[in-house]
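Each chain, letter by letter, is given below.
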Amino acid sequence: MSTYHAGSLAVQELLGVRDRAEHVGRSLGQDIKPVAAAFLQLQPLLVVGAADPGTGRVWASALTGAPGFVRATGPRQMSVVTGRRSCSRPEGVQDTARATTDSRQPNDDPLATALKTPGTRIGTIALDPRTRRRMRLNGRLRPTPRGFAVEADQVFSNCPKYIQRRNSYETLADREPGSARRLTELDPRAAEFIRSADTFFLATAHPGGADVSHRGGNPGFVQVTSPRELSWPDYPGNAMFLTLGNLRADPRAGLLFLDWTTGTTLQLTGEARAEFTAAGERDVRFTLTEARWTPAALPLRWSAPEYSPANPDIAR
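So, here is what we can say about the structure in this document. Every chain is numbered independently, its residues counted from 1 as its sequence is written. Reporting in this predicted model follows two pLDDT cut-offs: at least 70 for local features of residues, and 80 or more for side-chain atom pairs to be given and counted; totals over whole chains, interfaces and linings ignore these cut-offs and use all residues. Working from all heavy atoms in the structure, the side-chain values ignore hydrogens and water.

1. Concerning the overall build of the chain
In step 1: Each helix and strand counted, the chain has five helices and 19 strands in total.
In step 2: Each radius of gyration is computed over the set of C-alpha atoms, and the globule rule expresses the reference value as 2.2 Å times the number of residues to the power 0.38. On C-alpha atoms alone, the chain measures out to a radius of gyration of 18 Å, which is about the 20 Å that the 2.2 N^0.38 rule sets for 316 residues.
In step 3: For the chain, with 316 residues in total, the buried portion stands at 53%.
In step 4: Working rule for contacts: check all heavy atoms of both residues, and any pair within 4.5 Å makes them a contact. Considering only intrachain contacts with a sequence separation of at least 6, the fraction spanning at least 24 residues in the chain is 68%.
In step 5: To measure how exposed things are, a 1.4 Å probe is used in the Shrake-Rupley method; for residues, cover is taken only from the protein chains shown. Accessible surface, the chain as shown: approximately 13,400 Å² in total, 50% of it carbon and sulfur.
In step 6: Looking at charge distribution, the chain has the averaged site of its 40 positive side-chain charges lying 4 Å from that of its 32 negative ones. Put simply, DSSP marks the helices as runs of H or I at least four residues long and the strands as runs of E at least two long, and each gets a number from the N terminus on. For every residue, the accessible area obtained with a 1.4 Å probe (protein chains only) is divided by the maximum for its type, and the residue is called buried under 20%, exposed over 50%, and partly exposed between those limits. As used throughout, the charge tally considers Lys and Arg to be positive and Asp and Glu to be negative, leaving His and the chain termini uncounted. Here the site of a charge means atom NZ of a Lys, CZ of an Arg, CG of an Asp or CD of a Glu.

2. A short note on the environment of A149
In step 1: Its location among the elements puts A149 in strand β9 (residues 147-158).
In step 2: Spatially, the C-alpha atom of A149 lies 9.5 Å from that of L115, the residues being 34 residues apart in sequence.
In step 3: Excluding its chain neighbours within four sequence positions, the residues that come into contact with A149 are Q77, M78, S79, R140, L141, R142 and T144.

3. Observations concerning the packing of aromatic side chains
In step 1: Any pair of Phe, Tyr and Trp rings, taking the six-membered ring for Trp, is counted once the centres come within 6.5 Å. Such a pair is stacked with planes under 30 degrees apart, edge-to-face with planes over 60 apart, and tilted for the rest. Enumeration according to the criterion identifies eight aromatic pairs in this entry.
In step 2: With 5.2 Å between their ring centres and 45° between their planes, Y162 and Y235 make a pair best called tilted. Of the two residues, Y162 sits in the loop between β9 and β10 (169-171) while Y235 sits in the loop between β15 (229-233) and α5 (242-249), which places them 73 residues apart along the sequence.
In step 3: An angle of 25° between the planes, with centres 6.0 Å apart, marks the rings of F200 and F221 as stacked. Remark: F221 occurs in the loop between β13 (209-216) and β14 (223-226) and F200 occurs in strand β12 (residues 199-206); sequence separation between them is 21 residues.

4. A closer look at unusual backbone geometry
In step 1: Residue R132 is not a glycine yet carries a positive backbone phi of 55°.
In step 2: Structurally, R132 is set in the loop between β7 (121-128) and β8 (133-144).
In step 3: Taking the relative accessible area as the measure of exposure, R132 reaches 15% and is therefore buried.
In step 4: Notably, A296 is not glycine yet its phi reads approximately 50°, a positive angle.
In step 5: As for its position among the elements, A296 is in the loop between β18 (282-294) and β19 (300-302).
In step 6: By relative accessible area, A296 is classed as buried at 15%.

5. Describing the packing of helix α1 (residues 6-15) against α5
In step 1: The convention used is that axes are lines fitted to C-alpha atoms, helices contributing only their stretch in contact, and that angles between N-to-C directions extend from 0 to 180 degrees. Running from amino to carboxyl end, α1 crosses α5 at an angle of 115°, the nearest separation of the two axes being 7 Å. On the basis of their axis angle, the class for α1 and α5 is roughly perpendicular. The two elements α1 and α5 meet at a crossing, and its hand is right-handed. On α5, the residues touching G7, S8, A10 and V11 of α1 are L242, L244, G245 and R248.
In step 2: Tallied by class, residues from the contact of α1 with α5 come to four nonpolar, three polar and one charged. For classification purposes, an angle smaller than 35 degrees is called roughly parallel, one larger than 145 roughly antiparallel, one from 65 to 115 roughly perpendicular, and anything else oblique. Crossings are classed by handedness, with left-handed meaning an anticlockwise turn of the near helix from the far one by less than a right angle and right-handed meaning a clockwise turn. Classification used: nonpolar for Ala, Val, Leu, Ile, Met, Phe, Trp, Tyr, Cys and Pro, charged for Asp, Glu, Lys and Arg, polar for all others including Gly.

6. Some remarks on the side chain of Q164
In step 1: By the secondary structure assignment, Q164 is in the loop between β9 and β10.
In step 2: Look at Q164 and you get buried, because its relative accessible area is 2%.
In step 3: N or O atoms within 3.5 Å of each other form a polar contact, as long as, within protein, one can give a hydrogen and the other can take it, and as long as residues adjacent in sequence are counted only when both atoms are side-chain atoms. There is a polar contact of 3.2 Å between the side chain of Q164 and the backbone oxygen of Y162.
In step 4: Engagement of the side chain of Q164 in a polar contact is seen with the side chain of N311, the distance being 3.1 Å.

7. Looking at the pattern of salt bridges
In step 1: By definition here, a salt bridge exists when the distance from a side-chain nitrogen of Lys or Arg to a carboxyl oxygen of Asp or Glu is within 4 Å. Scanning the model with the defined rule gives 18 salt bridges in all.
In step 2: One salt bridge in this structure joins D153 and R121, with 3.3 Å as the shortest N-O distance. Of the two residues, D153 is situated in strand β9 and R121 in strand β7; the sequence distance between them amounts to 32 residues.
In step 3: Look at D153 and you get partly exposed, because its relative accessible area is 37%.
In step 4: Ionic pairing is found between D211 and R136, a salt bridge with its closest N-O pair at 2.6 Å. You can see D211 sitting in strand β13 and its partner R136 sitting in strand β8, a full 75 residues away along the chain. This pair shows no difference in class: D211 is buried, exactly as R136 is.
In step 5: Residues participating in the shared-partner salt-bridge network are R57, R182, E290 and R292.

8. As for the nonpolar core
In step 1: For this analysis, a nonpolar core means a set of buried residues of the types Ala, Val, Leu, Ile, Met, Phe, Trp, Tyr and Cys, connected via side-chain atoms within 4.5 Å. Of all hydrophobic cores here, the largest spans 33 residues; its most connected members are L230, L255, F257 and L268.
In step 2: It is β18 that provides the largest number of residues to this core, a total of five residues.
In step 3: Core analysis: the next-biggest nonpolar cluster, separate from the first, contains 26 residues, F39, L46, A50 and M78 among them.

9. Considerations on the pairing of strand β17 (residues 265-276)
In step 1: Of the strand pairs in this sheet, strand β16 (residues 252-258) and β17 are connected by seven bridges, and their pairing is antiparallel. Residue pairing across strands places G254 opposite T269, the latter belonging to β17.
In step 2: Only strands joined by at least two bridges in the DSSP assignment are considered to pair. In this structure, the hairpin formed by β16 and β17 is closed by a connection of six residues, where G263 is found at a positive phi of approximately 80°.
In step 3: Direction of pairing for β17 relative to β18: antiparallel, over a ladder of twelve bridges. Looking at the pairing, T265 lines up with T294 of β18.
In step 4: Remark: five residues form the turn of the hairpin made by β17 and β18, two consecutive strands paired antiparallel; G280 in that turn has positive phi of roughly 90°.

See below:
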């Protein structure tokens, strides 16, 4: 039985990379190996993606906490402490070294219901800019008294391509998030936020699950083509085409842009499709349904980026 669903298989066939994809696909498993467990426990940031049970819209959201708030609690289980602290109305200044129960997510986050619903198909990615490493874990969610656990269906790591190095971060315990603002079109400030981004996260879904991937490049690699449309180049990767395969099977998508200095986030939900050229280049076009802009949503302030040497020139 193939590692991949029909959507990914179709893209691999179209691009002539089936043999390579089968070889690379052997890295996908269900077990969280000791090196992966150690990596998880060091992370202050986890990005999650899922469909909202009420609307069916796919979103990507960021969870933060002191290292240890996300950890392996079994050979095929990851647990996340969602904590007591709210991004939208903090309970007061807290020590940055407090226990791992003090993680942060807005109460009105579009995935708040999904993260409390048993059986939610969820994708997650832990990305460490300091080491340019990333790990993805996808599976089924189970609420717990302190947050939620994910029973893993897929666990794998990606290469460091297109990850911008940020050597350090600090947690600003007194940073107070602003109120989330809903948008149905991108205003000039949101459009400029996207154009200046060097990183975003992309949540997708397919009949058997959900996934979150990372996209990176030099600022300007994401283009705002209208108040409701974005596009970006799909740079060469590992040939598995999990994300493009998901979009072929199900066009729903959620995007998360974040400001690594101020903690402001921009979440978008809508539909995306891939376009292929005869030269083998690929572009993804995204149509917006709804967006949420949250000033200072995250308490993390990262150092300035060192752009990945793999980033292509954005002129195409």
